[in-house]
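Observations on chain architecture
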Amino acid sequence: MKINVCFGSSCHIKGAGSVYEMLLQALKENHLEEKVQVGGTLCLGHCKEPGVNLTLDGEVVTGVTKDTFQEFFDTRVKKPLLG
C-alpha cells in the first residue's frame, strides 16, 4: 500500500504535518510499517475540500483531519491490510 499526504499550501495550513505524523505513529503502533510506503506530494487539486487530501494507492482521499483520522486509518488502511 502506498499513501502520499498532500503538502501543498492549503493542506499544509489544514494540518498535513499532523496527519502525516499520526499516520506514521498509527502504522508503528499496528506493526504495519513494512506494509505501507508513506510519502508526500504537492497539490492534488482538491483544495476546497475540508481537511487534508492524500492518495491511497493512487486514489485521492479528501477530508482527513485529526478528528477523522482514526476512522480513515481503521477502514481504509488497517482493515484492508489485516482483514
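Residues numbered from 1 in each chain as written. Predicted model: local features only at pLDDT ≥ 70, side-chain atom pairs only at ≥ 80, totals over all residues. Heavy atoms only, no water.

1. Some details on helix 2 (residues 16–29)
Selection rule: The secondary structure listing takes helices from DSSP runs of H or I that are at least 4 residues long and strands from runs of E that are at least 2 residues long, numbered from the N terminus. The span one expects for a helix is its residue count, reduced by one, times 1.5 Å. In what follows, a contact means two residues having at least one pair of non-hydrogen atoms within 4.5 Å.
Given a rise of 1.5 Å per residue, 14 residues ought to cover 20 Å, and the 20 Å separating the end C-alpha atoms of helix 2 matches this to within 8%. Buried-residue contacts for helix 2 involve strand 1 (2–6), helix 1 (9–13), strand 2 (37–41), strand 3 (52–56), strand 4 (59–64) and helix 3 (69–82).

2. Examining the sheet that holds strand 4
For clarity, the threshold we go by: One requirement defines pairing of two strands: DSSP has to find at least two bridges between them. In this description, a line fitted to the C-alpha atoms serves as the axis of each element, helices being fitted only across the stretch in contact, and the angle between N-to-C directions of two axes falls anywhere from 0 to 180 degrees.
Pairing is mixed across the open sheet formed by four strands, whose spatial order is 2-1-3-4. With partners counted over all chains shown, the strands left at the sheet margins are strand 2 and strand 4, one partner each. Across the sheet, the mean angle separating the axes of adjacent strands is 25° when strand polarity is ignored. Direction of pairing for strand 1 relative to strand 2: parallel, over a ladder of five bridges. Across the sheet, Val 5 pairs through a bridge with Gly 40, a residue of strand 2.

3. Description of unusual backbone geometry
The phi angle at His 31 is positive, at roughly 55°, despite the residue not being glycine. With respect to the element layout, His 31 can be found in the loop between helix 2 and strand 2.

4. Notes on the state of the cysteines
Spelled out, the test is: The disulfide criterion used throughout: a pair of cysteine sulfur atoms within 2.5 Å.
In total, this model carries zero disulfides according to the counting rule given. Here Cys 43 stays unpaired: no disulfide links it, and the sulfur of Cys 47, its closest cysteine neighbor, is 3.5 Å away.

5. What about the pairing of strand 1?
Note the threshold: Classification of residues uses two cut-offs on accessible area relative to the type maximum, computed with a 1.4 Å probe and protein chains only: under 20% is buried, over 50% is exposed, and between them is partly exposed.
Across the five residues of strand 1, four count as buried, placing the element largely inside the fold. By the bridge criterion, three bridges tie strand 1 to strand 3 in an arrangement that is antiparallel. Residue Ile 3 lies in a different strand from strand 3, and its bridge partner there is Leu 56.

6. Some thoughts on the pattern of salt bridges
The line we're drawing: Salt bridges are identified by distance alone: a Lys or Arg side-chain nitrogen within 4 Å of an Asp or Glu carboxyl oxygen.
Scanning the entire structure with this criterion turns up one salt bridge. Here Arg 76 ties to Glu 59 by a salt bridge, and the two come within 2.8 Å at their closest N and O atoms. With a gap of 17 residues between them, Arg 76 in helix 3 and Glu 59 in strand 4 connect regions that are remote in the sequence. We classify Glu 59 as partly exposed; its relative accessible area is 41%.

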